[in-house]
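Below are the chains, spelled out letter by letter.
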Amino acid sequence: MLDLNHILLFIACVSPLLLLAQAWRGGGLNRAWRFAAFAVLLITGISWFVQPDTAGFVGGSAWLMLIVLPSIGLRKAAELSVGQHYASASRLVTALRFLHPANGLREQSDLLRALDFAQRGDSSSALSLLGPFGNKRTNIGRQAIAQSFRIRGDWIGLLDWFHELPPGIVQSDPSLQPLYLR
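(A) Representation of the pattern of salt bridges within the structure. For the structure shown, the criterion picks out 5 salt bridges. Linking lysine 76 and glutamate 79 is a salt bridge whose minimum nitrogen-to-oxygen distance equals 4.0 Å. Of this pair, lysine 76 and glutamate 79 both sit in helix 3 (residues 55-82), 3 residues apart, which is roughly one turn of the helix. For lysine 76, a relative accessible area of 41% gives the class partly exposed. A relative accessible area of 48% means that glutamate 79 is categorised as partly exposed.

(B) Summary view of the environment of asparagine 30. By the secondary structure assignment, asparagine 30 is in the loop between helix 1 (4-24) and helix 2 (31-50). Overall, the relative accessible area of 38% leaves asparagine 30 in the partly exposed class. In sequence terms asparagine 30 and asparagine 103 are 73 residues apart; their C-alpha atoms lie 9.0 Å from each other.

(C) Just the environment of leucine 105, in detail. Here leucine 105 lies in helix 5 (residues 105-119). Spatially, the C-alpha atom of leucine 105 lies 9.6 Å from that of alanine 95, the residues being 10 residues apart in sequence. Here leucine 105 is in contact with Leu74, Val93, Leu96, Arg97 and His100, once residues within four sequence places are set aside.

(D) Quick peek at the packing of helix 1 against helix 2. Relative to each other, helix 1 and helix 2 sit at 150 degrees, their axes nearing to 9 Å. The angle between helix 1 and helix 2 places the two elements in the roughly antiparallel class. Relative to helix 2, helix 1 is oriented so that their crossing is left-handed. Contacts between helix 1 and helix 2 involve Leu9, Ala12, Cys13, Pro16, Leu17, Leu19, Leu20, Ala23 and Trp24 on the former and, on the latter, Arg34, Ala37, Phe38, Val40, Leu41, Thr44 and Trp48. For the contact of helix 1 with helix 2, the residue count by class is 14 nonpolar, 1 polar and 1 charged.

(E) Fine view of the side chain of glutamine 143. Of note, glutamine 143 is situated in helix 7 (residues 139-152). The exposure class of glutamine 143 is buried, given its relative accessible area of 15%. Ignoring any residue separated from it by four or fewer positions in sequence, one finds glutamine 143 in contact with Leu111, Ser175 and Leu176.

(F) Structural detail: the nonpolar core. If you look at the biggest cluster of nonpolar residues, it comprises 20 residues, and the most contacted ones within it are Val93, Leu111, Leu112, Ala114, Ala126, Leu130 and Ile151. Taken together, the elements giving at least two residues each to this core come down to helix 3, helix 4 (86-96), helix 5, helix 6 (123-130) and helix 7. In terms of residue count, helix 5 provides more of this core than any other element does, 6 residues in total. Setting aside residues no more than four positions away along its own chain, alanine 126 makes contact with Ala114, Phe117, Ala118 and Ile151.

What counts, and at which threshold
Residues numbered from 1 in each chain as written. Predicted model: local features only at pLDDT ≥ 70, side-chain atom pairs only at ≥ 80, totals over all residues. Heavy atoms only, no water. Salt bridge = Lys/Arg side-chain N within 4 Å of Asp/Glu carboxyl O. Helix = DSSP H or I, 4+ residues; strand = E, 2+ residues; numbered from the N terminus. Buried < 20%, exposed > 50% of the residue type's maximum accessible area, 1.4 Å probe, protein only. Contact = heavy atoms within 4.5 Å. Axes fitted to C-alpha atoms, helices over the stretch in contact; angles between N-to-C directions. Parallel < 35°, antiparallel > 145°, perpendicular 65-115°, else oblique. Left-handed = near helix turned anticlockwise from the far one by under 90°. Nonpolar A, V, L, I, M, F, W, Y, C, P; charged D, E, K, R; others polar. Core = buried A, V, L, I, M, F, W, Y, C linked by side-chain atoms within 4.5 Å.

Note that every value here comes from positions in space, so none of it alone points to a role or purpose.
In structure tokens, the structure reads:
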């Protein structure tokens, strides 16, 4: 008869393996998700060797903390951002930094804080937060540059900057498309 320990053990093994399979198949899964999947498998494996009777609970807890909660949290932060609830989205992303090793969560939180400042009319604080991330080679950097133009109301400068980007960047980045269309 299956008990909760066995069910959680199955989930803690299969789910990370599916994430890793997606990564190797070219699903675009970044390093942080691969790291989280390996961590869950490692924790589950060690707990199985040490105490098999509770390995499912330990592995299931690791799966919940390292994969499920960050996934749900990042999705919720995106929804909050789309709804222009930037302060809430920033707080959520900041909290997720402790659960998930994703690159760019600090920068994402700062970008959301800057958008919150701009929304409240504090353009100088927003622009000072965005300044350090003005690197065209990263998604966050491009978002920071584009949002800086928007906050300053420099639509001609933004359009000129869009034309300087390599072909296809604006079309492939959903965060830049609304600004380009505007």
